[in-house]
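Residues per chain are reported as follows:
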Number of protein chains: 2
Amino acid sequence: MVAEIIAVGSELLSPYRTDTNSLELTERLMELGIRVNGKCVVGDNDEDIARAIRAAAARAQIIVITGGLGPTNDDKTREGIAKALKLNLVFREDIHTWIKERYKQLTKQDPPDNLARMAFVPEGAEILENTVGTAPGLWLEAKEGYLYIIALPGPPSEWRPMFERVREKLAQFGSHVFSHRILRIAGLRESQVEDKISQFYTGVKNPQVTILASPEDVQIHIWARAREREEADRLADEMKKKFLEVLKENVYTDKDEPLEKVVGDLLREKGKTLAVAESCSGGLLANRITNIPGSSDYFLMGAVTYSNEAKVKVLGVKKKDIEAHGAVSEPVAAQMAEGIRRVAGSDFGIGITGIAGPGGGTPEKPVGLVYIGISWEGGTEVKRFRFPGTRLQVKMYTTSSALDMLRRKLI
Amino acid sequence: MVAEIIAVGSELLSPYRTDTNSLELTERLMELGIRVNGKCVVGDNDEDIARAIRAAAARAQIIVITGGLGPTNDDKTREGIAKALKLNLVFREDIHTWIKERYKQLTKQDPPDNLARMAFVPEGAEILENTVGTAPGLWLEAKEGYLYIIALPGPPSEWRPMFERVREKLAQFGSHVFSHRILRIAGLRESQVEDKISQFYTGVKNPQVTILASPEDVQIHIWARAREREEADRLADEMKKKFLEVLKENVYTDKDEPLEKVVGDLLREKGKTLAVAESCSGGLLANRITNIPGSSDYFLMGAVTYSNEAKVKVLGVKKKDIEAHGAVSEPVAAQMAEGIRRVAGSDFGIGITGIAGPGGGTPEKPVGLVYIGISWEGGTEVKRFRFPGTRLQVKMYTTSSALDMLRRKLI
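Just so we're clear, the structure is a prediction, and the values are computed from it rather than from any experiment.

K.L.:
I'm lost on empty space enclosed by the protein in this one. Help?
P.N.:
Picture a little ball the size of a water molecule; that probe, rolled over the atoms, points out where space is still empty. In the structure shown here, the tally under the stated rule is 3 cavities of 30 Å³ or more. Of the pockets and cavities examined, the largest cavity occupies roughly 130 Å³. Taken together, 15 residues form the lining of the largest cavity, with Asp19, Lys39 and Val41 of chain A together with Asp19 and Val41 of chain B sitting closest to its centre. The set of elements that each furnish at least two residues to the lining of the largest cavity consists of β1 (2–8) and β2 (35–42) of chain A together with β2 (35–42) of chain B. Of the residues assigned to the lining of the largest cavity, the class counts are 7 nonpolar, 4 polar and 4 charged. Looking at the second largest cavity, its volume works out to about 90 Å³. Sorting the residues of the lining of the second largest cavity by element identifies β1 and α2 (46–57) of chain A together with α2 (46–57) of chain B as the ones contributing at least two each. Examining the composition of the lining of the second largest cavity, we find that 4 residues originate from one element, α2 of chain A, more than from any other. For the lining of the second largest cavity, the per-class residue count stands at 9 nonpolar, no polar and 4 charged.

Printed below as a string of structure tokens:
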């Protein structure tokens, strides 16, 4: 089964907004064994919507449309579907009643007249109940069952619950189901991950393996296909097991969760606390750690000691070491980690000093050079890194490496 | 003139990647008076590419295609164009020579055989030189001049310089030019901005005005259309002037630059320094400030005092005030601002305390309640805010409000 996705909305054709619904929809369709073959964005115009539907119908059995289902004159998806399939729009009293009830329930006010527009639907359409807003979704079987059109509201909060019903209905079509596994890796570069695992998946068509690298981490996505869920799960898990055997503790999670969440869970589990002192990462490490709800359980404090004075005064870094080795140096990273641990009274201290760029680099200390220190009751360890990329990329690489150093101490 | 954009690449149909080239291309086409009517993503398949081109040609005079121009077997854009327009692919010796030279120049190595694929182009195509990589772009006039196809490489670093040549060639088509103005606003909500300016643009078709709101700021985009650049500029500037007259100092910039850049420039200009103490924003303020290259000129230090102990020990917040008023309170915000200013020896100190959520709220102190203090030689001021949204949105609202409080002190 092949699907196409159409996002409706003139705002999605501006330079400022883009369709993101289709990414999540693609993932959900893939899980049902349905491949997305193309996607389009069209404006709030029934002719354009109809043309996009006709074009998609030429190559797909399932068309998922998002947006354009509201009550205003700009909402043209119902008209577009009717035009594309040469169907009449019929006024459905049952839908009108439902919409009015829903509106009263949500707003405690009398429903305005324009809600009636949402009760004009292409003949034969079935309603998908909206448990969050008032605009119902549509399910339409066309061309004697060779084409299914699913129209969903634009806001994810509205279409996500509605998709449960869609999933039930679509489940019967997928001749295959897909199982998805993810491994997220820290401490190895993309090429190092590839070197270790390519032996297992080169030339293999099922499961499909995709490696995605960013300054945050390296991710492996495994998609296995089979007629039955059990078989797809088995294929995916087999591949995942092979990868885990060679990647070992470099895999920090097999869930879709960030490193700061994993490290936070480890700290909480072991009853340990953390404080961080940052120079070149400028607060990004503290920011990532505190993005996780409940991080106050284990995160005591951060210091962004950008100036040398702050390093000396707040963290007790020795002035003579800054003078002798420079602020970007191993002894300074170590003393920052030890200093913040002492000041905060935490179990672990992290100290970061480096050159994020684009300015400030020298031949001896180039842009991207970063020292990360970690201090705990057993001592202090410093690692030297050289990260590529822009200022923001260097900041991201730095903080992921710091979190990973701590993770390895905790496991 | 109407354009459609086609992004080619199977990876852009996965749940993990999305086409972003089209946003920047849309802006550039709009500047040339060319409206984007639709956009599509298709996989690396010449049939799909050809179908998308034929569909787009039915409603656009200009089709911009990105991706699929490289030397591998997956690069199918040349084949797709030829198929859509029923043109032959011809081997062009001149292009082959250019590509080989370019390859040698870039890599200092002998060119591999597969580069020859890039010299097979649809007959009649003109080459757009690639000043960064080896894959040339294509410019093709079809249907007796009623259709123009522009094929660009996928990577922005390659197509951006190439677009200069495209711009020259397209400039002749645009019957209109567009002028774009931006105003970025802090300290007002979207509805407040709208109340002030809607009188000027309601019912006005030219310029078009769009208001975009996010936890970071509120942006007004003005697009004016005219036959001549001068007239478009005049229309846009007139509207901008009206907006500025009512929005006044709430507009922090009329350039596309973030608040942390504007505040940083003001600090540098006035020779002032800054230090920040954060609780609920967890380092995001320091992180935003240090995302700006050269921020070490004015940013001395940040402290993320998540625990009460850190607030007392590092910043000298009075324990009895935390006990009497709670950590999220006006006196604590004031003392955090004063404390960090004293510790860092900076001209300005900012103190932030609040409840980012989702947990930790009470009826008296709900999620989203934030106190922001600012301390300078003239005294200390604290403001109370109540921000909506998720944890990350509250963090973003908080830091933008803090930067804006400082900006108003500096202007």
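K.L.:
Is there a simple way to think about a nonpolar patch on the surface in this case?
P.N.:
All names here are of chain A. Nonpolar side chains collect at one region of the surface, where Leu89, Phe91 and Phe120 lie side by side and expose about 230 Å² of accessible area between them. Considering the arrangement of structural elements, one finds phenylalanine 120 in strand β5 (residues 120–122). On the basis of relative accessible area, phenylalanine 120 is assigned to the partly exposed category, the value being 36%.

K.L.:
Would you take a moment to explain the state of the cysteines for this structure?
P.N.:
Every disulfide links exactly two cysteines, by a covalent bond between their sulfur atoms. By the definition in use, this model includes 1 disulfide over all chains. Here cysteine 40 of chain A engages in a disulfide with cysteine 40 of chain B; their sulfurs sit 2.2 Å apart. Between cysteine 40 of chain A and cysteine 40 of chain B, the disulfide has an S-S torsion of 60° and is therefore right-handed. Here cysteine 40 of chain A is found in strand β2, whereas its partner cysteine 40 of chain B is found in strand β2 on a different chain. Just as cysteine 40 of chain A is buried, cysteine 40 of chain B falls in that class too.

K.L.:
Whenever I open this one, the interface of chain B and chain A confuses me. Can you help?
P.N.:
The partner chain A presents 57 residues to the 57 residues of chain B that form the contact. Across the chain B to chain A interface the summed buried area is about 4700 Å²; carbon plus sulfur atoms make up 58%. If you look at where chain B meets chain A, you find 0 salt bridges. Our enumeration of links across chain B and chain A arrives at 36 residue pairs in polar contact (both at pLDDT 80 or more). The greatest single-element share of the side of chain B that touches chain A, amounting to 7 residues, is contributed by strand β14 (residues 299–305) of chain B.

K.L.:
Please clarify how the pattern of salt bridges should be interpreted in this entry.
P.N.:
Two side chains of opposite charge can pair, provided their charged atoms sit close to one another. The final tally for this structure, using the stated rule, is 63 salt bridges over all chains. A salt bridge links lysine 104 of chain B to glutamate 101 of chain B; the nearest nitrogen and oxygen atoms lie 3.9 Å apart. Here lysine 104 of chain B pairs with glutamate 101 of chain B, and both are found in helix α4 (residues 93–107), just 3 residues apart, close to one helical turn. Put simply, glutamate 249 of chain B and arginine 408 of chain B hold a salt bridge, and the shortest N to O gap is 3.7 Å. Placement of glutamate 249 of chain B in the loop between α7 (229–247) and β12 (251–253) and of arginine 408 of chain B in helix α13 (residues 391–410) is noted, with a sequence separation of 159 residues between them. Owing to a relative accessible area of 39%, glutamate 249 of chain B belongs among the partly exposed residues under this scheme. One salt-bridge network, in which partners are shared between bridges, spans Glu257, Lys261, Asp265, Arg268 and Asp297 of chain A.

K.L.:
Which parts of the structure should I look at to understand the packing of helix α1 (residues 21–31) of chain B against helix α5 (residues 156–171) of chain B?
P.N.:
Each pair of packed helices gets described by two things: the angle between the helix axes and the distance between those axes. Residue and element names in this part refer to chain B. Direction vectors running N to C along α1 and α5 enclose 20°, while the axes themselves pass 11 Å from each other. Between α1 and α5, the angle is such that the two are roughly parallel. The interaxial crossing formed by α1 with α5 has right-handed handedness. Residues Asn21, Glu24, Leu25, Arg28, Leu29 and Glu31 of α1 pack against Pro156, Trp159, Arg160, Phe163, Glu164, Arg167 and Leu170 of α5. A breakdown of the residues in the contact of α1 with α5 according to their chemical character gives 6 nonpolar, 1 polar and 6 charged.

K.L.:
For this particular structure, what's the right way to read the relation of the copies chain B and chain A?
P.N.:
Copy one and copy two of the chain differ by a rotation about a common axis and a shift along it. Expressed as a screw operation, the relation of chain B to chain A combines 0.1 Å of axial shift with a rotation of 180°, fitting to an RMSD of 0.1 Å. Accordingly, the operation relating the two chain copies is best matched by a two-fold axis. Take the interface residues of chain B: 100% of them recur as interface residues in chain A, which is what a same-surface contact looks like.

K.L.:
Before we go on, may I ask you to explain the sheet that holds strand β9 (residues 177–185) of chain B in this structure?
P.N.:
All names here are of chain B. Spatial ordering of the open sheet is given by β10-β11-β9-β12, a layout of 4 strands whose pairing is antiparallel. Looking at the sheet topology across the chains shown, the edges are occupied by β10 (208–213) and β12. Recorded for the sheet is a direction-independent mean angle of 35° between the axes of neighbouring strands. As defined by bridge partners, β10 adjoins strand β11 (residues 218–226) across 6 bridges and the pair is classed as antiparallel. Of the residues in β11, the one forming a bridge with glutamine 208 is tryptophan 223. Packing against the sheet, α1 makes contact with β9 and β11, and its axis sits at approximately 125° to β9.

Conventions we followed
- Residues numbered from 1 in each chain as written.
- Chains lettered and ligands numbered in written order.
- Predicted model: local features only at pLDDT ≥ 70, side-chain atom pairs only at ≥ 80, totals over all residues.
- Heavy atoms only, no water.
- 1 Å grid on protein atoms, 1.4 Å probe; cavity = no way out; pocket = protein on both sides within 12 Å on 5 of 7 lines; lining within 4 Å.
- Points joined across faces, edges and corners; volume = space filled by probe spheres on them.
- Helix = DSSP H or I, 4+ residues; strand = E, 2+ residues; numbered from the N terminus.
- Nonpolar A, V, L, I, M, F, W, Y, C, P; charged D, E, K, R; others polar.
- Patch = residues over 30% accessible without salt bridge, like charges linked within 9 Å, V, L, I, M, F, W, Y side chains within 5 Å.
- Areas by Shrake-Rupley, 256 points an atom, 1.4 Å probe, with all protein chains shown as cover.
- Salt bridge = Lys/Arg side-chain N within 4 Å of Asp/Glu carboxyl O.
- Buried < 20%, exposed > 50% of the residue type's maximum accessible area, 1.4 Å probe, protein only.
- Disulfide = S-S within 2.5 Å.
- Contact = heavy atoms within 4.5 Å.
- Buried area = accessible area lost by both parts, 1.4 Å probe.
- Polar contact = N/O pair within 3.5 Å; in protein donor to acceptor, adjacent residues only side chain to side chain.
- Axes fitted to C-alpha atoms, helices over the stretch in contact; angles between N-to-C directions.
- Parallel < 35°, antiparallel > 145°, perpendicular 65-115°, else oblique.
- Left-handed = near helix turned anticlockwise from the far one by under 90°.
- Least-squares fit on C-alpha atoms with pLDDT ≥ 70 in both.
- Pairing = 2+ DSSP bridges.

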